[in-house]
Every structure is written in structure tokens, then in C-alpha cells.
Amino acid sequence: MCGIVAYIGSEKAGPILFDTLKRLEYRGYDSAGVAVKSQESKDSLEVLKSAGRIADLEKVYLKLGSPGETVGIGHTRWATHGNPTDRNAHPHVSGDVAIVHNGIIENYLELRESLEEMGVQFQSETDSEVLAHLVRMYYQGDLAGAVTKALGQVEGSYAVAILCPRSPYLVCARRDSPLVLGMGKDAVYAASDVPAILSYTRDIVRMKDGEMALLYKDKIELRDASGASKPLELEKIEWGVDAAEKGGYPHFMLKEIHEQPRALQETFAGRILEIEGDVRLDLGMTDFEIRSLNRVSIVACGTSYHAGLFAKYLFSRAAGLPVDVEVASEFQHIQLRPGTLLISITQSGETADTLLALKKSKVCGVKTIAITNVVGSTVTGLADGTIFTRAGPEIGVAATKTFTAQMAALLLLAVRLGKARNYLTPDQARKMLMEFTRLPGLVQSVLEKREEIKAIAEKYAYAECYFFIGRDFLYPIALEGALKLKEIAYIPSEGYAGGELKHGPLALITGKTPVVALATCGKKVQSNIKEVRARGADVIAFASEDDSDIVKVASTVVELPKTRPALSAVLCAVAVQLLAYYTANKLNLPIDKPRNLAKCVTVE
Ligand code: AGP
């Protein structure tokens, strides 16, 4: 899990590499490095790398007088093989060949042993270093040829950029790891993600698996897996650089929480057919195939897994379909039977466990759908159909707008499935869809409660432990609330189905454990509130407006707009995000980059 960048053009490479790397820090930030073609002596490299933040390395680079020429590569790392140390930081160098790599080389031990037998000395503990030595070994004036031979020996995933000052071009290649190229004026860029290079160019090429690109300062030569040249498919990026930056908010997370009305609107846009009472989605399935389904199996990780649990309640009610939801890393594909629809939910589209589960399911021959926020991400190439969530880039490590956009996509999918299976009448579907269109406005009303929620967050910010309870559609949100608080506020938090408390966790409830009760649907949670109040806990209830019963039992009540239960789950999701955000903010924690975590987990 790393970010890579590359530049070749007519300006000094170093400053551009640092600038673009900083925009990729969300992909990993335990060490960083750059390699640039040296100004001093032709055909040699200047390499600068260390454990720690990019900004610190940049200071060293500036102190050294900004060395280097107009071509270079850079890397920001999240350790997988070997600790985050200077030595393990990329670029890895062999002679005058430097490489940056994102992914995992599965057979690196084998390759390392054979290279060591040939006398190669390794400098790091990483899997990536083998690539540098292989490329150097094969290089005889044709860098692309050497990289092809080296990658031919590699098992696993990679996005790589390779620099050798003797070569007139840089080489980039990808397999199962994202990589985009950018065409500028007298300059060509490469990066793991679009926002990194957006302030330089809007003309993007998304590399596909197996492709290799030769980057010259005025052109890109693209080759397919067989080595044949391919025409460039340039895509014009319409969203602004601002969309990838903080836009006045102190943290990306807060900005992204506030972008939710827009993200929901975009996710619904053009898909709701109000007159027909139906939904337009690219599922890669006919109505006949949808009618033949007898089960849905969902795989996902973390927050996306909670979206999957939400779908469990939704699909059974709107489409009469039983749903199994599994954490992707524990997925047992042998249980897949004909007639199952496999849905993988992943905002990044690159989560290794989710991709692997999807690949396993494909072996069983079932139909597959991906729900993702990233156009061109790996998951989209694997699934039969994709629903894009259109939340825009999410930079904060904590998933917020991508989560509620996933819920919105699942709401749409529920209606589509229900409609195709004749489980919903056109009238029922139409009514539901009309209510969906009001959801962005309702979320806006929850955002307007921010000061109220902030005061509660600050009051309990020093709690040693938090509990979240919810029932039915709100159970997944209780899990999500607890995950958010753990993730960014580092407070041990538990999410429970309200009914489960008395089966064990109640033993932990004391006057020091605030309990967040999600109480916007159903009355049963009131007895759970009474249970914990009787043990001395303060209860913060998120309830529907004018629910006088809740006011009698909870210590504090935040009123949310009244709506149907499935939609109130989205409102509660926004409320618990705000609670976690303001708690972490009170504790002065690095909200957008919580310790030990990375935005996109591309290792199993
Ligand atoms: C959410 O706040 C987390 N950062 C994490 O649980 C995340 O949802 C998980 O890693 C899955 O990511 P994905 O949606 O990109 O697959």
C-alpha cells in the first residue's frame, strides 16, 4: 500500500515529485523517497529517502540545494515487507536503475535467493528491491525490454515506475495496482491516483492491467501485455483540484462529511425513473436473470462491510432475497450456489481481500456486481456489472461520504431487484424512490445539528470506552459508529445489536461508559436504553423528531428528521460520523491520517 509518482519534462523534477507525493499521502505515509537524474554527473542518480513524513524529506532536499534534473520518480510508503526504515524506503536502486513499486511481489524470496547466488547484495528487507536488480541485470540499452523481462519473472501485483539515466524515457507498468498517466505541456506525469497530478494536467490515461508505458517529455508510448503498441485513451478530468483539497475545512474528514448531500444527489442522479417506478443501473444482468436469483452474497471490509449488513435488511424486504454478508478476508466461496448474486462493496475498488473474494466467487460461475467509488479501479474490471457511487475523491482515511453513497447505491439496487422480481409494485417502488430524492435534504438537516453533536462529543471525549446500540437497519450503523470512534479518536468502542447487550456486554456498562442509542426506528431499543441507564450509563439517543418516549428514557436526545427506517439509517450514519469527528478533534488527534491506518489496503 503505497503511492508512486513519476515526472519527465522541462522543469526540475524534485519539487513536482514532492508536491504530487504529498497528495498521495493518504495511501501510506510511513516513509518517502525520490530519485532524480543527476545534474552533476551525467548518467547517475540522486536518491533521497527516509522513514517519516514527506514534508520532512522535502526540507532535506531543499537544504541540499534541490538537486537533480528534469526527470525523476517518487514514493510514499505504508510498510508491508520490512519495518518503516530509511533502508526500506523506496526508491530501490541497483547501479543506475531506480524503481518505485506499489503492490506485493509474492515470489520475492525465491528471486532474492537466486540473485544473491549470483552475487547481488541487497540493501533492504523489501520485496520490491528484487525488481531493481532484475531490471539492471537485463538492461542493455533497452529499458522497456529489461522491464518486460524482469516483470515476466514476478508473481504478484505491481504498479511501478523505473528510472535509468541512460535511457531517454521512464517506464511505468501495472498489474493489479492502480496507476494513471497525465499528459501535460512538455511534460508527462504518472501517479497512483488522479488528484496527485490534477494541478498539472487534466488529460489522464488510466493504465490497465498488463500495460506498460514509455514516458518521454512530449509523448507516451503505451504497450499492451504482448508488447504491441496501443492508442492512448485520454480522459478529460472535469472535477476541480479543489475537490481533492480541503476547501476551507480544517480536515478532509469534516469536508467529506459535509459533502454528503451532494454525494447522495450525484449517486441518485439520472438513475431514478420516477414515472416507471424503477431504477436505471448497469448491472450486466437481464430481468430474467434477476428473477432467477435465490440469494445474495456480499463481500467487503471495514465500513464497506457495514454497508453490506445494511443491504441484508434492505434486500430481504424490498426484493425477498436472503443475504449473506461476509468479511472479505473470511469469505468461504464454496458456499456459493447457482442462483447467487455476489456483490463486492469497496469504495477504493482496490482492497486486496475484497478483490480476492470476488475472484474466488467468479470461479463458481455466479453473477457479480461491484459497488465502488473509483472509476477504472481494479474491481470494475473483475465484476460483471458496476455501480459507481459518485461521491468524488475521499482523502480522509475514515470513510464517510463513500459509506453513505454506498448506502444510496444499495437503496437503488434494492428497488431494481425488487422491481425486476415483481416483489415491489410500481406504486411501492415509486413511493420509495420519491423518498430517496428527499434524502440529500434530510442529511443536510442532520449536518445542521453539528453544534449540538459537537457539544456532546466534547463532553464525553475523555470516556474510556463507548457503546453504540441499534436494532434492525440501525445495527450496522451502531457497528459503524464504534468503528469510526476507534479509528480516529482511539477510544475503545463497541457496537451491538440492542438485544445482545444482556447476553454479556452489559457486564461492562457503568457510569463511565457513555452509550449511544440509535433510536430512529422501532420502540424496542427503549428497553435497552432503560437497561443501561439502570447500570448508571449516560445515554445519548439519536431519535426522530417529536419522539416523546425517548426523551423520557435517554440522558440526552438529538432529534433527527422523521423518515422511513432505511433512510433514517443514513441520517444516523452522518450523526455518528460527526460525533467521532468532534471527539477526535477535541483530543487533538491527526484525524485525516490516524495512526497505523491507510486509506486503501492493497495487501491481504
Ligand atoms: C473506514 O473508515 C476504514 N478506513 C476501512 O474500514 C475501509 O472501509 C476498509 O478498508 C475497506 O475499504 P474499501 O471500501 O476501499 O474496500
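Just so we're clear, the structure is a prediction, and the values are computed from it rather than from any experiment.

Cut-offs applied
- Residues numbered from 1 in each chain as written.
- Predicted model: local features only at pLDDT ≥ 70, side-chain atom pairs only at ≥ 80, totals over all residues.
- Heavy atoms only, no water.
- Domains from an automatic or database assignment.
- Contact = heavy atoms within 4.5 Å.
- Buried area = accessible area lost by both parts, 1.4 Å probe.
- Salt bridge = Lys/Arg side-chain N within 4 Å of Asp/Glu carboxyl O.
- Polar contact = N/O pair within 3.5 Å; in protein donor to acceptor, adjacent residues only side chain to side chain.
- Helix = DSSP H or I, 4+ residues; strand = E, 2+ residues; numbered from the N terminus.
- Axes fitted to C-alpha atoms, helices over the stretch in contact; angles between N-to-C directions.
- Parallel < 35°, antiparallel > 145°, perpendicular 65-115°, else oblique.
- Left-handed = near helix turned anticlockwise from the far one by under 90°.
- Nonpolar A, V, L, I, M, F, W, Y, C, P; charged D, E, K, R; others polar.
- Near = heavy atom within 4 Å.
- Areas by Shrake-Rupley, 256 points an atom, 1.4 Å probe, with all protein chains shown as cover.
- Pairing = 2+ DSSP bridges.
- Phe/Tyr/Trp six-rings, centres within 6.5 Å; stacked < 30°, edge-to-face > 60°.
- Lys NZ or Arg CZ within 6 Å of the ring centre and 35° of its normal.
- Buried < 20%, exposed > 50% of the residue type's maximum accessible area, 1.4 Å probe, protein only.
- Patch = residues over 30% accessible without salt bridge, like charges linked within 9 Å, V, L, I, M, F, W, Y side chains within 5 Å.
- Lys, Arg positive; Asp, Glu negative; His and termini not counted.
- Charge placed at Lys NZ, Arg CZ, Asp CG, Glu CD.

**Section: the domain arrangement of the protein chain**
Alright, step 1. One can read the domain layout of the protein chain as domain 1 (3-244), domain 2 (246-437) and domain 3 (444-604).
Alright, step 2. The C-alpha centroid of domain 3 is placed 43 Å from the C-alpha centroid of domain 1.
Alright, step 3. Facing nine residues of domain 1, the contacting portion of domain 3 comprises eight residues.
Alright, step 4. When the two sides are added together, the surface that domain 1 and domain 3 hide from each other amounts to roughly 890 Å², 59% of it contributed by carbon and sulfur.
Alright, step 5. Counting the contacts that link domain 1 with domain 3 gives one salt bridge.
Alright, step 6. In this assembly, domain 1 and domain 3 are joined by one residue pair in polar contact (both at pLDDT 80 or more).

**Here we look at the side chain of S544**
Alright, step 1. In this structure, S544 sits in strand β26 (residues 539-544).
Alright, step 2. Polar side-chain contacts of S544 include one of 3.3 Å to the backbone oxygen of T520.

**Overview of the packing of helix α13 (residues 426-447) against helix α18 (residues 565-586)**
Alright, step 1. At their nearest, the axes of α13 and α18 sit 10 Å apart, and the two run at 25° to each other. The angle between α13 and α18 falls in the class roughly parallel. The two elements α13 and α18 cross, and the hand of that crossing is right-handed. Residues E435, F436, L439, L442, V443, V446 and L447 of α13 lie in contact with α18, whose contacting residues are L567, V570, L571, V574, A575 and L578.
Alright, step 2. Split by residue class, the contact of α13 with α18 holds twelve nonpolar, no polar and one charged.

**Quick look at the site of the ligand**
Alright, step 1. With respect to spatial proximity, 13 residues lie near the ligand, and among them S304, T346, S348, T351 and E487 are the closest.
Alright, step 2. In the environment of the ligand, an oxygen atom lies 2.6 Å from a nitrogen or oxygen atom belonging to the side chain of S348.
Alright, step 3. Contact between the ligand and K484: an oxygen atom at 2.9 Å from a side-chain N or O atom of the residue.
Alright, step 4. Notes on the ligand: free accessible area 420 Å², of which the protein chains cover 91%.
Alright, step 5. Mapped onto the shell around the ligand, the elements with two or more residues apiece are α9 (302-319) and α15 (475-489).
Alright, step 6. In terms of residues, the shell around the ligand owes the most to one element, α9, which gives three residues.
Alright, step 7. Considered class by class, the residues forming the shell around the ligand number four nonpolar, seven polar and two charged.

**Section: the sheet that holds strand β3 (residues 45-51)**
Strand pairing in a sheet relies on backbone hydrogen bonds. The paired strands run either parallel or antiparallel.
Alright, step 1. Ordered by their spatial adjacency, eight strands build an open sheet running β3-β2-β4-β1-β10-β9-β11-β15, and the pairing between neighbours is antiparallel. Unpaired on one side and paired on the other, β3 and β15 (235-236) mark the two borders of the sheet.
Alright, step 2. Alignment of strand β11 (residues 203-206) against β15, held across two bridges, turns out to be antiparallel. Within β15, the position partnered with D203 by the bridge is K236.
Alright, step 3. Running over the sheet, helix α2 (residues 54-63) touches β2 (31-37), β3 and β4 (71-77) and is turned about 140° from β3.

**Description of the packing of aromatic side chains**
Alright, step 1. Throughout the structure, instances matching the rule amount to ten aromatic pairs.
Alright, step 2. With centroids separated by 5.8 Å and ring planes inclined at 25°, the aromatic side chains of Y466 and F468 adopt a geometry described as stacked.
Alright, step 3. Among the aromatic residues, those joined into a cluster by ring pairs are Y7, Y189 and Y200.
Alright, step 4. If you follow K219 out to its NZ or CZ, it ends over the ring of Y216, 4.6 Å from the centre.
Alright, step 5. The ring of Y490 carries R595 above its face, with NZ or CZ at 3.9 Å from the centroid.

**A word on the side chain of E480**
Alright, step 1. As for its placement among the helices and strands, E480 is situated in helix α15.
Alright, step 2. Overall, E480 belongs to the buried group, its relative accessible area being 0%.
Alright, step 3. Excluding residues that lie within four positions of it along the chain, E480 makes contacts with T303, H306, A399 and F403.

**So, the sheet that holds strand β21 (residues 367-372)**
Alright, step 1. In space, the five strands of this open sheet follow the order β19-β18-β20-β21-β22, with parallel pairing throughout. Of all the strands in the sheet, just β19 (323-327) and β22 (385-388) have a single pairing partner and so form its edges. For this sheet, the mean inter-axis angle between neighbouring strands, taken without regard to orientation, is 20°.
Alright, step 2. Bridge analysis of β21 against β22 gives four bridges, and the strand direction is parallel. By the bridge assignment, I371 is partnered in β22 with I387.

**A few points about a negative patch on the surface**
Alright, step 1. A grouping of E106, E110, E113, E117, E155 and E604 is seen on the molecular surface, where their side chains present a negatively charged patch.
Alright, step 2. A relative accessible area of 55% means that E110 is categorised as exposed.

**Some remarks on the packing of helix α7 (residues 260-268) against helix α12 (residues 401-420)**
Alright, step 1. Remark: α7 packs on α12, axes separated minimally by 9 Å, with the N-to-C direction vectors making an angle of 30°. When the interaxial angle is binned, α7 and α12 end up roughly parallel. Relative to α12, the crossing made by α7 is right-handed. From α7, Q260, A263, L264, T267 and F268 reach across to α12, where they touch K401, T404, A405, A408, A409 and L412.
Alright, step 2. Of the residues belonging to the contact of α7 with α12, the class tally is seven nonpolar, three polar and one charged.

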